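Now for the letters of each chain:
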Amino acid sequence: MKRRSERARRGLTGALPLVLGLVVGLVLGLVLAPETASAYCRTTSCEAMEAAWQVCTPPAADDCGKVLYWPKQCVGFTLQKDASSQVSLDEAEAVFTKAFEKWMNADCGAGEHPSIKLEYMGPVECDQQEYDKKKANANVIMFRDDSWSYTGTANILALTTVTYNTESGEIYDADMELNTADNQGFTLEDEQPVKFDLLSIATHETGHFLGLAHSHSGDATMFTDYKAGSTTLRDLTADDIAGICAIYPPNEPKSETCDTEPRHGFSELCAVDQPPPEEPGCGCLVAGTERGTLPGLAALLGLSALARHRRARRRETRRES
Amino acid sequence: MRLRAIAAASLLLLPPLLVLSPGPSLRDLARGPAPAEASVSVLLSLDEIVAASTYVVVGTASEKKSQWEDLPGGRRIVTYTKLKIDKVVATGSGAGSCGSEVWVRTLGGTVDKLGQAVSGEAQIAGGSKSVLFLMKRGDVLTVTGMAQGHYPVTADDKGVSRLRGSPDAGTQLRQAGPILAARDLLVGKTLDAALSSITTARKTLDEKKK
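An account of the accompanying structure is given in this report. (Residues numbered from 1 in each chain as written. Chains lettered and ligands numbered in written order. Predicted model: local features only at pLDDT ≥ 70, side-chain atom pairs only at ≥ 80, totals over all residues. Heavy atoms only, no water.)

**Considering the overall build of chain A**
In step 1: Along chain A, the regular secondary structure elements total 6 helices and 11 strands.
In step 2: Among the 321 residues that make up chain A, the fraction classed as buried is 47%.
In step 3: Residue pairs in contact within chain A that sit at least 24 positions apart in sequence constitute 69% of those at least 6 positions apart.
In step 4: Roughly 15800 Å² of accessible area belongs to chain A as shown, and the carbon and sulfur atoms make up 56% of that amount. (Helix = DSSP H or I, 4+ residues; strand = E, 2+ residues; numbered from the N terminus. Buried < 20%, exposed > 50% of the residue type's maximum accessible area, 1.4 Å probe, protein only. Contact = heavy atoms within 4.5 Å. Areas by Shrake-Rupley, 256 points an atom, 1.4 Å probe, with all protein chains shown as cover.)

What follows is the structure in structure tokens.
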């Protein structure tokens, strides 16, 4: 009996380094293990919900809809010229340019980057969240210093509205509003103490601008929770990068020129301040007398066919990837 | 000897298992289930959201209609959801009767093949039952705090009605200090317990005013 307990004691002592090793291994595994490789979600147009929804990777039980994406490789963004008493126009330009660059320069592997380019188009007069079906548009980032437009939502710091085609998922317009009327303390990169870190908020919101929904990965910039005073959302995680590279695969054929013009053209003015749109020459078609109408129409049809062909190729490439 | 072999094998196998296993990470599990989507907002406490609301109701959504509307911030798509009121849980001081049916306006929706996604807004699904914190301005009812004022009610495995988080809750920023957010207090609670907490919060606010 005594010998057995002695053996047990020696056995335990002998196993101690291994048990310790196991504990250390477990702790190291927990600390060093990367977050779930893919937990990102993409914003979708869900017909069943008659609303925007999401599709996740790996798939989630309530996935629904057609994924949203910018159909052009170049997208422009602007800032409302008055910016904010908390953040000057120059500061805002620097922060949002940096936020978009983080997504554009994400490393999709083999030194490749997402096939989308965001370009700052300068400050604009327009201070309205809007998309006009007939007039020129702009993707505007605006601070709301005087009043926040949405009743009962003073707790909202930033709101991004994405307008899209429900059938194709193509994004037509995206505007971002920052609630500086109800919230004091938006802080810049080197400002201390940090309260509402503008670069963190900008990086997160620009992810929505580009078509990402919230991730299930706790460390991701696109995750849902974040603490006041934290700057952790500034840097993309592997999950965020997997998401942006899935929406804009790097192997897309690159266009040589960068055309940032929004749908129906670009204007610094809101739709209400723009002149009425020119009527298309439909009367000329009926009369068939106006010179240049038919060649113009043919060119338009040709461009439209080319765009359809490119969209089909994009979709095909996306399916294959 | 066998113990040593098992321990050694575990030591070799466990870290790769932790790295390669699919699904949520341990850190994610520790945080609990994540809401599905969007904006950046400051988390409201139960007292704050009750104080800001004209009505707190349990209601069932029926029809929905979306339309373009001119709001102070611009022209946008909004959705009106018809809500059959099952129970009025709390009423703000001085507010009139809520009625048995109301229309609630939320941002976003779809009109003629155009959609607008507004991150962080309450997504009230047709036919769903929810606890809703509502604010009235003029004739319009909106959801207080957007998705933070919307709690769908579903039955658990045992058939008990419980509150869930709104599916598009947005990025939520915790306030500094020991403030318990309404979301933390209500999500997962039984409907009865949640309603009791809300009623108590309303009573406390009313007593403070006296």
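Now, onward.
**Structural notes on the sheet that holds strand β2 (residues 51–56) of chain A**
Residue and element names in this part refer to chain A.
In step 1: Strands sit in the order β2-β1-β3 across an open sheet of 3 strands; the sheet is antiparallel. Each end of this open sheet is capped by a strand with a single partner; those strands are β2 and β3 (66–67).
In step 2: Judged from the 2 bridges that link them, strand β1 (residues 41–46) and β3 form a sheet pairing that is antiparallel. When the sheet's bridge partners are listed, Ser 45 is paired in β3 with Lys 66. (Pairing = 2+ DSSP bridges.)

**Brief notes about the state of the cysteines**
The bond known as a disulfide is covalent and runs between the sulfur atoms of two cysteines.
Residues and elements named next belong to chain A.
In step 1: Tallying each qualifying case throughout the model produces 5 disulfides over all chains.
In step 2: For Cys 41, the disulfide goes to Cys 56, at an S-S distance of 2.0 Å. Judged by the sign of its S-S torsion, about 100°, the cystine formed by Cys 41 and Cys 56 is right-handed. Here Cys 41, found in strand β1, pairs with Cys 56, found in strand β2; they are 15 residues apart in sequence, far enough to count as distant. With respect to burial, Cys 41 and Cys 56 carry one shared label: buried. (Disulfide = S-S within 2.5 Å.)

**Comments concerning the side chain of His150(B)**
Residues and elements named next belong to chain B.
In step 1: By secondary structure assignment, the location of His 150 is in strand β9 (residues 150–155).
In step 2: Within the structure, the side chain of His 150 is placed 3.3 Å from the side chain of Ser 130, a separation counted as a polar contact.
In step 3: In this structure the side chain of His 150 is engaged in a polar contact, spanning 2.8 Å, whose partner is the side chain of Ser 166.
In step 4: Leaving out residues up to four positions away in the same chain, His 150 has contacts with Ala 122, Gln 123, Ile 124, Ser 130, Val 131, Leu 132, Val 143, Arg 164, Gly 165, Ser 166 and Pro 167. (Polar contact = N/O pair within 3.5 Å; in protein donor to acceptor, adjacent residues only side chain to side chain.)

**Concerning the packing of aromatic side chains**
In step 1: Counted by the stated rule, this structure contains 8 aromatic pairs over all chains.
In step 2: Look at Phe77(A) and Phe100(A): their rings are 4.4 Å apart centre to centre, the planes differ by 40°, and that puts the pair in the tilted class. Taken together, the residues Phe77(A) in strand β4 (residues 74–80) and Phe100(A) in helix α2 (residues 89–104) connect sequence positions 23 residues apart. We note that Phe77(A), like Phe100(A), is buried.
In step 3: The lysine or arginine in question, Arg263(A), covers the ring of Tyr172(A), its NZ or CZ lying 3.8 Å from the ring centre.
In step 4: For the cation-ring pair, Lys65(B) lies above Trp103(B), with the distance from its terminal atom to the ring centre recorded as 4.7 Å. (Phe/Tyr/Trp six-rings, centres within 6.5 Å; stacked < 30°, edge-to-face > 60°. Lys NZ or Arg CZ within 6 Å of the ring centre and 35° of its normal.)

**Here's the deal with helix α3 (residues 198–209) of chain A**
Residues and elements named next belong to chain A.
In step 1: A rise of 1.5 Å per residue sets the reference length of α3, with its 12 residues, at 16 Å; its end C-alpha atoms lie 16 Å apart and thus fit the reference within 8%.
In step 2: Summarising burial for α3: 12 of the 12 residues are buried, a large majority.
In step 3: Every buried residue belonging to α3 is among Leu 198, Leu 199, Ser 200, Ile 201, Ala 202, Thr 203, His 204, Glu 205, Thr 206, Gly 207, His 208 and Phe 209, and all of these are buried.
In step 4: Just past α3, the residue Gly 211 takes up positive phi, approximately 115°. (Expected span 1.5 Å × (residues − 1).)

**Overview of the nonpolar core**
In step 1: In terms of nonpolar packing, the biggest core is built from 48 residues, with Trp70(A), Phe96(A), Leu118(A), Phe143(A), Leu178(A), Phe209(A) and Leu210(A) touching the most fellow members.
In step 2: Those elements giving two or more residues to this core turn out to be β4, α2, β6 (140–143), β7 (156–165), β8 (171–178), α3 and α4 (238–247) of chain A together with β1 (40–42) of chain B.
In step 3: With 7 residues, the top contributor of residues to this core is α2(A).
In step 4: Judged by nonpolar contacts, the second largest core, of 21 residues, contains Val131(B), Val153(B), Ala194(B) and Ile198(B). (Core = buried A, V, L, I, M, F, W, Y, C linked by side-chain atoms within 4.5 Å.)

**A closer look at the pairing of β9(B)**
All names here are of chain B.
In step 1: Relative to β9, strand β7 (residues 129–137) runs antiparallel, the two being bridged by 3 bridges. Along β9, the bridge assignment pairs Val 131 with Tyr 151.
In step 2: Sheet analysis places β9 next to strand β10 (residues 161–163), joined by 3 bridges and oriented antiparallel. Residue pairing in the sheet places Thr 154 in a bridge with Arg 162 of β10.
In step 3: Taking the residues between adjacent antiparallel strands as the criterion, β9 and β10 are bridged by 5 residues, where Gly 159 takes a positive phi near 85°.

**What about the pattern of salt bridges?**
All names here are of chain A.
In step 1: On inspection of all chains with the given rule, the structure shows 18 salt bridges over all chains.
In step 2: Arg 144 is paired through a salt bridge with Glu 177; the nearest N and O atoms lie 3.0 Å apart. Linking Arg 144 in the loop between β6 and β7 with Glu 177 in strand β8, this pair joins segments that are 33 residues apart in sequence. Residues Arg 144 and Glu 177 agree in their burial class; the two are buried.
In step 3: Overlapping salt bridges, with partners in common, bring together Lys 81, Asp 82 and Glu 125 in one network. (Salt bridge = Lys/Arg side-chain N within 4 Å of Asp/Glu carboxyl O.)

**Focus: a negative patch on the surface**
In step 1: On the surface, Asp90(A), Glu91(A), Asp190(A) and Glu191(A) cluster together into a patch of negative charge.
In step 2: Turning to its location among the elements, Glu91(A) is positioned in helix α2. (Patch = residues over 30% accessible without salt bridge, like charges linked within 9 Å, V, L, I, M, F, W, Y side chains within 5 Å. Lys, Arg positive; Asp, Glu negative; His and termini not counted. Charge placed at Lys NZ, Arg CZ, Asp CG, Glu CD.)

**Structural notes on the side chain of Gln116(B)**
In step 1: Within the element layout of this structure, Gln116(B) appears in strand β6 (residues 114–118).
In step 2: One polar contact links Gln116(B) to Thr163(A), side chain to side chain, over a distance of 3.1 Å.
In step 3: Within the local environment of Gln116(B), its side chain forms a polar contact with the backbone nitrogen of Ile77(B), the two atoms lying 2.8 Å apart.
In step 4: When sequence neighbours within four positions are dropped, the list of residues in contact with Gln116(B) reads Gln129(A), Thr161(A), Val162(A), Thr163(A), Tyr164(A), Trp68(B), Arg76(B), Ile77(B), Gly108(B) and Gly109(B).

Just geometry here; none of it tells us what the structure is for.
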